[in-house]
Amino acid sequence: MLSICIVIASIAAAAYLIFKKYYAPGALLFVGLITLGVVACISPDPLITGKKATHLAGLDVIQIFTNLLQTRTAGLGMNIMAIAGFTYFMDQIGASGALVRLSVKPLKLIKAPYIVMTWASF
């Protein structure tokens, strides 16, 4: 029952901060770290087991945060580099211009520009 109350309080705090126009990723990060800290203080079991465990509640929270950053940031960075490389290559061989020319051909058949404009707004 206590865990449900902690989760509800965390969701309410995050919603309040976002509603008050705080930076949403920062608010979610702050609430998540506070929630991890509260759970580390009241839980009889350690948060991390295995080689990466520090056996100190405060440092375990930091270690969980570090583990998440290491696994997610590396994959995201590689995806961004692959997308940027593909975009640069397609631009160099002229594929971007060819795609635009192919996309515009059917639109040239429509003589009323307002139809195209209203269709694009949906």
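Here is what the cut-offs are and how they apply
Residues numbered from 1 in each chain as written. Predicted model: local features only at pLDDT ≥ 70, side-chain atom pairs only at ≥ 80, totals over all residues. Heavy atoms only, no water. Helix = DSSP H or I, 4+ residues; strand = E, 2+ residues; numbered from the N terminus. Rg over C-alpha atoms; globule rule 2.2 N^0.38 Å. Buried < 20%, exposed > 50% of the residue type's maximum accessible area, 1.4 Å probe, protein only. Contact = heavy atoms within 4.5 Å. Areas by Shrake-Rupley, 256 points an atom, 1.4 Å probe, with all protein chains shown as cover. Disulfide = S-S within 2.5 Å.

(A) The overall build of the protein chain, seen in detail. When helices and strands are counted, the protein chain shows five helices and zero strands. Beginning at the N terminus, the succession of helices and strands in the protein chain can be written as α-α-α-α-α. At 25 Å, the protein chain has a C-alpha radius of gyration far larger than the 14 Å of a compact globule built from 122 residues. C-alpha atoms of the protein chain, sized along the principal axes, occupy 70 × 35 × 25 Å. The proportion of buried residues among the 122 residues of the protein chain is 11%. A fraction of 26% describes how many contacts in the protein chain between residues 6 or more apart in sequence connect residues 24 or more apart. Of the roughly 10,000 Å² of accessible surface on the protein chain, 74% is carried by carbon and sulfur atoms.

(B) View of the state of the cysteines. Within this structure, the stated rule accounts for zero disulfides. Just so you know, Cys-5 is unpaired, no disulfide at all, and the nearest cysteine sulfur is the one on Cys-41, 17 Å from it.

(C) Here's a closer look at the environment of Ala-9. Its location among the elements puts Ala-9 in helix α1 (residues 2-19). Residue Ala-9 is classed as partly exposed on the basis of its relative accessible area of 46%. Between the alpha carbons of Ala-9 and Thr-35 there is a distance of 9.1 Å; along the sequence they are 26 residues apart.

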